[in-house]
Amino acid sequence: MPNNKYAFFNGEIVPIEQARVSVMTNALNYGTGCFEGIRAYWNPDEEQLFVFQLRPHMERLLRSCRILMMQIPHSADDLCQITVDLLRAEGFREDVYIRPLVYKSDETIAVRLNGLADAFTMFAVGFGQYIDAGALRVCVSSWRRIDDNIIPSRAKASGSYLNSALAKTEALLNGYDEAIVLGADGQVSEASAANLFLVRNGALVTPPITSDVLEGITRQVVADLARDRLGLPLVERPIDRTELYVADEAFFCGTGVEIKPIVEVDRRPVGAGAPGPIASQLVDLYADVVRGRSPEHRAWCTPVYER
Ligand SMILES: Cc1ncc(COP(=O)(O)O)c(C=O)c1O
């Protein structure tokens, strides 16, 4: 059960019971919304809650709004402050998932983006692991990733998550932990809600942002940590399906999934069939960074409580 007490709704923090919309809301009917998924991590030694990469997430939300012709009366700085205010009101002393959402709020039958009212809401819930398994067995989905000329992947659009849900459901019902989705061109795109990296011949490889992927915040964090801490260059290039079968290592990254090694793709072991050394190092590094335990990455962590 969610353990949150409040939401930001209609311009103020209100009890969660008051944050309600009509069944006629345009976004509920047509998926006309965009959102973010942000995590905050509790650091018990400092008795502090750190929001990870808060501003980059809010900047991406505003970019999604531009693509979807949505307007809200809040700047990125406002959105960061609202987040801190909401988390302080909740008083969380645990890891948290934060969900800002912009949506077409008019209660009309209208399939369009222009000329409709927009609304902004945010809630946050206590949240542990998104996927419990420490290492993942995955399949290539029979569903293709939506492309930029269908529903833009770089907008984190509510409606596009039907594509993610189809792929994830198929994977789960077939006994896998997660799906890898190919683009319309047959090249590897990403997972249902995470970006994908391979290690091949000592290099880190990931599809470019033109491969119908979400421009992941964690994707950039992984690129920075791999370069600065592991001395690994990042190669952004199209990836063939069968490269998944011959990679030395593979892993997903995303706010929800964090960094998760992949040990099997389509019933073929990845590398030795166990988490590889590079993925394992990144998992450990990431765990320190997000809790504010890496001095050089403190700027990525926004403290919630005044100390
Ligand atoms: C489709 C998709 N790709 C990638 C990601 C990873 O993005 P981020 O690292 O910004 O959370 C997500 C995150 O939720 C996602 O939904």
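Below you will find a few notes about this structure. (Residues numbered from 1 in each chain as written. Predicted model: local features only at pLDDT ≥ 70, side-chain atom pairs only at ≥ 80, totals over all residues. Heavy atoms only, no water.)

**With respect to the packing of aromatic side chains**
No. 1: If you walk through the whole model with that rule in mind, you get seven aromatic pairs.
No. 2: Taking 6.2 Å as the distance between ring centres and 70 degrees as the angle between the ring planes, the aromatic pair formed by phenylalanine 52 and tryptophan 300 counts as edge-to-face. Here the residue phenylalanine 52 occupies a position in strand β5 (residues 48-52), and tryptophan 300 occupies one in the loop between α7 (277-290) and β17 (301-303), the gap between them amounting to 248 residues. In terms of burial, phenylalanine 52 and tryptophan 300 fall into one category: buried.
No. 3: Between the aromatic rings of phenylalanine 197 and phenylalanine 251, the centroid separation amounts to 5.3 Å while the plane-to-plane angle is 5 degrees, which identifies the pairing as stacked. Taken together, the residues phenylalanine 197 in strand β11 (residues 195-200) and phenylalanine 251 in strand β14 (residues 249-254) connect sequence positions 54 residues apart.
No. 4: Through pairs of rings, three or more aromatic residues link up here, namely Phe52, Tyr286 and Trp300.
No. 5: The lysine or arginine in question, arginine 268, covers the ring of tyrosine 245, its NZ or CZ lying 4.0 Å from the ring centre. (Phe/Tyr/Trp six-rings, centres within 6.5 Å; stacked < 30°, edge-to-face > 60°. Helix = DSSP H or I, 4+ residues; strand = E, 2+ residues; numbered from the N terminus. Buried < 20%, exposed > 50% of the residue type's maximum accessible area, 1.4 Å probe, protein only. Lys NZ or Arg CZ within 6 Å of the ring centre and 35° of its normal.)

**Observations regarding a nonpolar patch on the surface**
No. 1: Taken together, the side chains of Val23, Met24 and Leu28 present a nonpolar region at the surface, about 340 Å² in accessible area.
No. 2: The class for valine 23 is exposed, based on a relative accessible area of 68%. (Patch = residues over 30% accessible without salt bridge, like charges linked within 9 Å, V, L, I, M, F, W, Y side chains within 5 Å. Areas by Shrake-Rupley, 256 points an atom, 1.4 Å probe, with all protein chains shown as cover. Salt bridge = Lys/Arg side-chain N within 4 Å of Asp/Glu carboxyl O.)

**Describing unusual backbone geometry**
No. 1: The phi torsion at asparagine 10 lies on the positive side, around 50 degrees, for a residue other than glycine.
No. 2: You can see asparagine 10 is positioned in the loop between β1 (6-9) and β2 (12-15).
No. 3: We note that aspartate 212 has phi near 60 degrees; this positive angle belongs to a residue other than glycine.
No. 4: Relative to the helices and strands, aspartate 212 is located in the loop between β12 (203-206) and α5 (217-230).

**A few points about the layout of surface pockets**
No. 1: Computed from the structure, the largest pocket encloses a volume of approximately 510 Å³.
No. 2: Around the largest pocket sit 28 residues that line it, and Phe35, Tyr97, Lys156, Tyr161 and Ala193 are the ones nearest its centre.
No. 3: Breaking the lining of the largest pocket down by element, the ones donating at least two residues are α2 (54-67), β6 (96-104), α4 (161-173), β10 (188-191), α5 and β14.
No. 4: With three residues, the top contributor of residues to the lining of the largest pocket is α5.
No. 5: Of the pockets and cavities examined, the second largest pocket occupies roughly 310 Å³.
No. 6: Taken together, 16 residues make up the lining of the second largest pocket; nearest its centre are Val21, Leu101, Tyr103, Thr121 and Phe123.
No. 7: Elements with a contribution of two residues or more to the lining of the second largest pocket: β1, α1 (26-30), β6 and β7 (118-126).
No. 8: Counting residues per element, the lining of the second largest pocket draws most heavily on β7, which supplies three residues.
No. 9: For the lining of the second largest pocket, the class distribution of residues is 11 nonpolar, four polar and one charged. (1 Å grid on protein atoms, 1.4 Å probe; cavity = no way out; pocket = protein on both sides within 12 Å on 5 of 7 lines; lining within 4 Å. Points joined across faces, edges and corners; volume = space filled by probe spheres on them. Nonpolar A, V, L, I, M, F, W, Y, C, P; charged D, E, K, R; others polar.)

**Here's the deal with the side chain of histidine 297**
No. 1: Mapped onto the elements of the fold, histidine 297 is located in the loop between α7 and β17.
No. 2: When its relative accessible area of 5% is taken as the criterion, histidine 297 is described as buried.
No. 3: Not counting chain neighbours up to four residues away, the residues in contact with histidine 297 comprise Leu225, Arg229 and Val289. (Contact = heavy atoms within 4.5 Å.)

**Some words on the site of the ligand**
No. 1: Surveying the vicinity of the ligand reveals 16 residues, the closest of which are Arg60, Tyr161, Glu190, Thr218 and Thr255.
No. 2: A distance of 2.9 Å separates an oxygen atom of the ligand from a polar atom in the side chain of lysine 156.
No. 3: Tyrosine 161 is positioned with one of its side-chain polar atoms (N or O) 2.5 Å from an oxygen atom of the ligand.
No. 4: Summarising the interface, the protein chains cover 97% of the accessible area of the ligand, which totals 380 Å² for the free molecule.
No. 5: Here the ligand occupies the largest pocket.
No. 6: Mapped by element, the contributors of at least two residues to the shell around the ligand are α2 and α5.
No. 7: Classifying every residue of the shell around the ligand by side-chain character gives five nonpolar, seven polar and four charged. (Near = heavy atom within 4 Å. Polar contact = N/O pair within 3.5 Å; in protein donor to acceptor, adjacent residues only side chain to side chain. Sits in = over half its atoms within 2 Å of the grid points.)

**Some words on the pairing of β12**
No. 1: Across the two faces of β12 the burial is the same, with Ala203 and Val205 and Leu204 and Thr206 all buried.
No. 2: Connecting β11 to the next strand, β12, in antiparallel fashion are two residues, including asparagine 201 with a positive phi near 50 degrees.
No. 3: Bridge analysis of β12 against strand β13 (residues 234-236) gives three bridges, and the strand direction is parallel. Directly across from threonine 206, in β13, lies its bridge partner glutamate 236.
No. 4: With α5 bridging β12 and the parallel β13, this β-α-β connection has right-handed handedness. (Pairing = 2+ DSSP bridges. Right-handed = clockwise from strand over helix to strand, strands pointing away.)

**Remarks on the environment of isoleucine 151**
No. 1: Within the secondary structure, isoleucine 151 sits in the loop between β8 (136-144) and α4.
No. 2: Through-space distance from the C-alpha of isoleucine 151 to that of leucine 68 is 9.9 Å; in sequence the pair is 83 residues apart.
No. 3: Setting aside its immediate chain neighbours within four residues, isoleucine 151 contacts Ile146, Ala157 and Ser160.

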